[in-house]
Amino acid sequence: MSVETTLLLIPLLPLAAAIIAGLLRAQVGRAGAHWLTIIGVAVAFVLSAWVLYQQVFEGLGSLNYSVYTWMISDGIRFEVGFLVDHLTSLMMCVVTFVSLMVHVYTVGYMSEDPGYQRFFSYIALFTFSMLMLVMSNNFLQLFFGWEAVGLVSYLLIGFWYKRESAIFANLKAFLVNRVGDFGFLLGIAGILYATGSLDYAEVFAQAPEIAGQTYSILPGMEWQLITVICVCLFIGAMGKSAQAPLHVWLPDSMEGPTPISALIHAATMVTAGIFMVARMSPLFELSDAALSFVMLTGAFTALAMGLIGIVQNDIKRVIAYSTLSQLGYMTVALGVSAYSAAIFHLMTHAFFKALLFLGAGSVIIALHHQQDMRFMGGLRKHMPITWLTAWVGTLALVGFPLLSGFYSKDAIIEAVAESHRFGSSLAYWAVLLGVLVTSFYSFRLLYLVFHGKPRYTVDHEAGDHPPDGVLQHEPHESPWVVTVPLVLLAIPSVVIGYFTIDPVLFGGWLDDAITVLPQNDVLAELGQHFHGGMAMALHAFGTAPFWLMIAGFVLATVIYRLQPALADRLKSRMPGLHRLLENKYYWDELYQSLFVKRAVQLGQGLWEKADAGLIDGLLVNGSARLVSNVAARVRLWQSGYLFQYAFAMILGLIGILAVWVVV
Amino acid sequence: MESNWPVLSLLIWLPIIGGALVAALGQQKASQARILSLLVSLLTLALSVTLFTDFDRDTAAMQFVERQPWIDAFRIEYFLGVDGFSMPLILLTTFFGVLVVIASWEVIRSRVHQYMASFLVMEGLMVGVFSALDGLLFYVFFEAMLIPMFLVIGMWGGPRRVYATIKFFLYTFLGSVFMLVGLIYLYLQSGSWSIPDWHQLPLGGQAQTWLFLGFLAAFSVKIPMWPVHTWLPDAHVEAPTGGSVILAAIMLKIGGYGFIRFSLPITPDASSQLDWLIIALSLIAVVYIGFVALVQQDMKKLIAYSSISHMGFVTLGLFIAFGIFRNSSDPQGAALGVEGAMVQMISHGFVSGALFLCVGVLYDRLHSRMIRDYGGVANSMPWFAFFAVLFFMANSGLPGTSGFVGEFMVILASFKANFWYAFLTGLNLVLGAAYSLWLVKRVIFGDVGSTEVAELQDINRREALVLTTLAAAVLLVGLWPAPLVDVMHASVAELLVHIQQSKLPVMGAVSAGI
């Protein structure tokens, strides 16, 4: 089998499985749906791993070729094609691996759902879309995949379409993403304007020529064209990767079933923006202004969203805000030109965040779809595997030395420290404080869910819909289809950082995809002090991030383990701050009154006043009325009485005579 | 290329004569009327496919030409032919000719023979509009086409059908009267009714301006452009499903086609001078109408407003070329805009046709077009929900569907002319999704709204056939638009060369012009 065939099969197998499982529901049955999609994604994973292996160990170079010509118009070739370099093959492996884990997990998680087959069809379709996105060699297909993952995300957030909250959340998610895509599309149009091509290789080759050009958006104001393009492209990334102020959709997306929160809203789709900026590094490198914007956006998101995570009671929402915050870290890394560090954190985060979400899902099914942590507690002894893997995921997330998250997050913090970009010191403080915040909310979650005394009661006669905090049965550990993916995700969460930091960050392993100008290369600076993963871990004990992480742990232990009353006391001490965080800085309310209500008012006004009132009322029907009014008057003259006509004739005759005489 | 046998005449007269036969069957033979209509429309579709297969993609010249003297005294000819602009539109017409027959199969119960006959005659006349190369012949088809549509709305329409038909008729008639004056002027100037001759006719600046405005009056109403659009929502609301489908899918395109066939090539200098007007109205259409669509309570009105907004892309795509020529030495983008406008027309035909059919499916069951009467339709009609979501997604320009292609091309091209054109049209990405998906949320998703909704029957085989065919078309154009745009290249290139050459008479040489 040639490499080209292999690469084509990787996205097409999940697609075929999705179509069959979705459209031939009756024919394949429930088991058929999960087997087909699992096999499709599993084979895609094996083939992706094979491609990665070939590239790393067998010297397979990067591939760039067209699959088919979508259209040629105006001399511009719009292609569908693949660019498979190290960055792509790494992403392909991450996507297919997490997807495979989620597929298996879903067999257990969704086993009682009537939409079982539809769900498998959607997640396989998602895998296809995400693969097309990362494998693209041009902006058209990138946008294609970009919107396709958005579509599947929309369908999956609203999977339980009877729930009002779910279909509100999916509409919101799609629209907020469309705001980002609007910027993204303008960026792509700018690329075409500047280079006359949408092909990555051709565009990047011309990048240096764009660098000097200016572009006038407002008369009299000249902008660097490259900055305009990069900022527009980044607005797309802000939508998809949920960076403030386009982050508002992600917490609400938790309305979807938990497996997709893990797959789409933590591990893969939301990282598409990070991937995109890294892919566009030859362009972003040319604009310091755009990179500063990227960095500050990420820094704000990393800290501000982490803080909200502290006050959330819904287990999935805590993890969702954690995801926002971690995406902020990745964005900061992009902003300081440490693209490899962003991709590295993307990869480690994919494993441990998927692990945490799936762990949360395991808890949620054990408690019969209870997501409120105030009704949890003490689950450690009932669900040992979930508990242990949740600890592993948490330690990886907070950056405990030797675990994967430690390597990726420390690298980002160090890179920011090294950077001289405008605003980098501000960003440094944000990411540093973010460590404390991350550690605090993460351990808080662990304590509230797994430790302490249970805050639920078991009542066997409770009926089918017991009130909050009452269960019909003792919670128990989830079936193997759930726990095996947890364990399989826990392994890379522990080891992947230690084994890959050297090649990915310092070994130039992503150099075939990522361009960094020498003066921006903070990772090269870091590389001079890097003496292996073990040395880095040992060195960590003397650094600020480590002690901030410990401080977060201690705080959480005191407040949520040792002195449970303290939490409430703190809450009542700082009511303003608590309200601000609980209401998520009133962002939703702001958008609701600023955009949503205004848009509807504007539409109503235009429709009633301008369309119905002015155009139809005054001009169209008004002129019709005028005609009929005139006609009504004139009609009176046609009375049918002969003497009136005769009288009118005589008057007319006199008139004519008079004119004739006078003239 | 001279055709061996008169394909275009067959495409025009076969459905018209077929329609007459169907009408002659009388009221009692409803099922025969249906079957005969289906056969006629299928045969027409099959014939029209030869236009595509035998089409020479390398030339901008008229193909399948038929030319006979008709009224010699006024040099009026029976002159037909197609190029890369009209050929796809004729295929769209014959395609919908079949779909409308199937879609109305058992839905229309009263006077089936007249209903079917109206649509067949209309189909023939619309093919006539797209293939006529004689100005007066064009005008005859252009006006005659209104009559069957007038009847369809007036006889099978909703409660306010009389208001809607009169509004529709007066609006379009008023517009076309100005065009007629223009056509007569062109005849007097050139001594010919041949449209290709008119393309070569030198015209003074003032004459071009008046002609341009005359054409604008006719085509802006037809397509329709803001602010002469208000007949469309009323006509759609009152029309039966088939009428709405043909109105949205084909008739609106005649406005866009008119700009391509008349305004741009006959009055290039006026077009260039007044392009700001068209662009401004197009941008208003996209944004303003987008907001208006957002607040509609009636599904058909919402889709009608959405159509107006989408037609803004067509007029914009056709007229940004001048800005691009003026702005830079590199004309790339001009052809992209024109081809984008064409693709948008074809795609909008599929998508809006499909959306009106979807509303028709619901209307046939619950006899309401109001959004508030639905809710949770997906619970009782899962297959319908699948199609409806697909088509509304296409309406909001999702990549992979045809709705994306034209908008994408026009936005890319308009960035070339002016950042703000791209910015304002780009807003449709948000607005289009907002009104489309908000409707989906309120109608398709959610808990079951009422007992009537709970008892809804999912689509039957006939409805599934129609929607599947349209879904295939929408996806095919979305995933592989190359075959569609390939047929246009030569004609678009020709048009763009043509409109860059001034037709103003050289000083003192010719005394044409007013």
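Residues numbered from 1 in each chain as written. Chains lettered and ligands numbered in written order. Predicted model: local features only at pLDDT ≥ 70, side-chain atom pairs only at ≥ 80, totals over all residues.

**Comments concerning the overall build of chain B**
We count it as follows: Only DSSP runs of H or I covering at least 4 residues are called helices, and only runs of E covering at least 2 are called strands; the numbering of each starts at the N terminus. Computation of the radius of gyration draws on C-alpha atoms alone. For the globule rule, the value is 2.2 Å times the number of residues to the power 0.38. Note on contacts: residues are paired as contacts if their backbone-placed C-beta atoms lie within 7 Å.
Secondary structure summary: chain B contains 24 helices and two strands in total. In terms of C-alpha radius of gyration, chain B reaches 22 Å, essentially the compact-globule figure of 24 Å for 514 residues. Dimensions of chain B along its principal axes, counting C-alpha atoms only, are 80 × 55 × 40 Å. For chain B, contacts bridging at least 24 residues in sequence account for 82% of all contacts bridging at least 6.

**Some remarks on the overall build of chain A**
Along the backbone of chain A there are 26 helices and six strands. Seen through its C-alpha atoms, chain A measures out along the principal axes to roughly 120 × 70 × 60 Å. Contacts spanning at least 24 positions in sequence make up 79% of the contacts within chain A whose residues lie at least 6 apart.

**Looking at the packing of helix α1 (residues 7-25) of chain B against helix α2 (residues 30-53) of chain B**
All names here are of chain B. The condition is simple: Convention adopted: a line fitted to C-alpha atoms gives each axis, helices being fitted over their contacting stretch, and angles between N-to-C directions are expressed from 0 to 180 degrees. Reported orientations rely on four angle classes, namely roughly parallel under 35 degrees, roughly antiparallel over 145, roughly perpendicular from 65 to 115, and oblique for the rest. Three categories are distinguished: nonpolar for Ala, Val, Leu, Ile, Met, Phe, Trp, Tyr, Cys and Pro, charged for Asp, Glu, Lys and Arg, and polar for the others, with Gly belonging to the last.
With their axes 10 Å apart at the nearest point, α1 and α2 run at an angle of 180° to one another. When the interaxial angle is binned, α1 and α2 end up roughly antiparallel. Of the residues in α2, those touching α1 at V7, L10, L11, L14, P15, G18, L21, V22 and L25 are Q32, A33, L36, S37, V40, S41, L43, T44, L47, S48, T50 and L51. For the contact of α1 with α2, the class distribution of residues is 14 nonpolar, seven polar and no charged.

**Regarding the environment of B:S368**
Examined against the element boundaries, B:S368 turns out to sit in the loop between α15 (334-366) and α16 (377-380). Apart from the residues within four sequence positions on either side, B:S368 is in contact with B:Y363 and B:D373.

**What about the pairing of strand β1 (residues 63-73) of chain A?**
Residue and element names in this part refer to chain A. Condition: At least two DSSP bridges between two strands are needed for those strands to be called paired.
The pairing of β1 with strand β2 (residues 76-84) spans nine bridges and is antiparallel. Residue N64 lies in a different strand from β2, and its bridge partner there is L83. In textbook terms, the turn of a hairpin is the stretch between consecutive antiparallel strands, and for β1 and β2 this stretch comprises two residues, one of which, D74, has a positive phi near 55°.

**Remarks on the environment of A:M347**
Residues and elements named next belong to chain A. Applicable threshold: Residues with at least 20 other C-beta atoms within 10 Å of their own are called buried, those with 12 or fewer are called exposed, and the rest are partly exposed. The C-beta atoms themselves are positioned from the backbone.
Here M347 shows up in helix α15 (residues 339-366). You can call M347 buried: it has 22 C-beta atoms within 10 Å. Distance from M347 to S408, taken between C-alpha atoms, is 8.9 Å for residues 61 residues apart in sequence. The residues contacting M347, other than those within four sequence positions of it, are L90, V94 and I496.

**Remarks on unusual backbone geometry**
Of note, the amide linkage connecting B:I223 to B:P224 takes the cis form, showing an omega dihedral of -25°. Note that B:P224 resides in the loop between α9 (205-222) and α10 (231-238). Cis geometry marks the peptide bond from B:W226 to B:P227, where omega comes out at 5°. As for its position among the elements, B:P227 is in the loop between α9 and α10. A positive phi angle is found at A:D74, which is not glycine, with a value near 55°. Within the fold, A:D74 resides in the loop between β1 and β2. Here A:D74 falls in the buried class, since 25 other C-beta atoms lie within 10 Å of it. Of note, A:S337 is a non-glycine position whose phi angle comes to about 70°, a positive value. As for its placement among the helices and strands, A:S337 is situated in the loop between α14 (315-335) and α15.

**So, the interface of chain B and chain A**
Across the boundary between the two partners, chain B contributes 42 residues, which contact 44 residues of chain A. Counting only elements with at least two residues in the side of chain B that touches chain A, the list comes to α13 (275-294), α15, α18 (402-417), α19 (419-426), α20 (428-443) and α23 (482-486) of chain B. Examining the composition of the side of chain B that touches chain A, we find that seven residues originate from one element, α20(B), more than from any other.

**Side note on helix α24 (residues 489-500) of chain B**
Residue and element names in this part refer to chain B. We apply this condition: Given a helix with a known number of residues, its expected span is that number minus one, times 1.5 Å. The directions from the helix axis to the C-beta atoms form the arc being described.
Between the first and last C-alpha of α24 there are 17 Å, a value that for 12 residues agrees with the 16 Å anticipated at 1.5 Å per step. For α24, the set of buried residues is S491, V492, L495 and I499. Projection of α24 onto a plane perpendicular to its axis shows the buried side chains occupying an angular sector of 100°, all on one side. Residues of α24 that are buried in the fold lie against α11 (241-266), α12 (268-273), α14 (299-327) and α15.

**Concerning the environment of A:N313**
On the secondary structure map, A:N313 appears in the loop between α13 (288-311) and α14. The contact partners of A:N313, leaving out residues within four places of it in the chain, are A:D372, A:M373 and A:R374.

**Observations concerning the packing of α9(B) against α11(B)**
Residue and element names in this part refer to chain B. Worth spelling out the cut-off: Crossings are classed by handedness, with left-handed meaning an anticlockwise turn of the near helix from the far one by less than a right angle and right-handed meaning a clockwise turn.
Where α9 contacts α11, the two axes come as close as 8 Å, and the packing angle between them is 165°. When the axis of α9 is compared with that of α11, the two are roughly antiparallel. Between α9 and α11 the crossing geometry is left-handed. Where α9 approaches α11, its residues L211, F212, F215, L216, A218, F219, S220 and K222 are matched on the opposing element by L252, I254, G255, G258, F259, F262, S263 and I266. Its residues assigned to classes, the contact of α9 with α11 comprises 11 nonpolar, four polar and one charged.

**Some remarks on the pairing of strand β2 (residues 76-82) of chain B**
Residues and elements named next belong to chain B. With five of seven residues buried, β2 lies mostly within the body of the structure. Pairing of strand β1 (residues 63-71) with β2, which is carried by six bridges, proceeds in the antiparallel orientation. In the sheet register, P69 faces β2, and the bridge partner there is E77. Where β1 folds back on β2, the antiparallel hairpin that results is connected by four residues, among which R75 adopts a positive phi of roughly 55°.

**Let's talk about helix α4 (residues 112-131) of chain B**
The end-to-end C-alpha separation of α4(B) is 29 Å, in line with the 28 Å expected for 20 residues at 1.5 Å each. Most of α4(B) sits inside the fold, with 20 of its 20 residues counted as buried.

**A few points about the confidence of the model for chain B**
All names here are of chain B. Rules: Every residue is assigned a pLDDT by the predictor, reflecting its confidence on a scale from 0 to 100.
Mean pLDDT over chain B: 91, with 97% of residues reaching 70 or higher. Taken as a whole, residues 508-514 scores under 50 in pLDDT and shows 16 contacts with residues more than four places along the chain or in a different chain. Interface predicted TM-score (ipTM) for the complex: 0.91; the corresponding pTM is 0.92.

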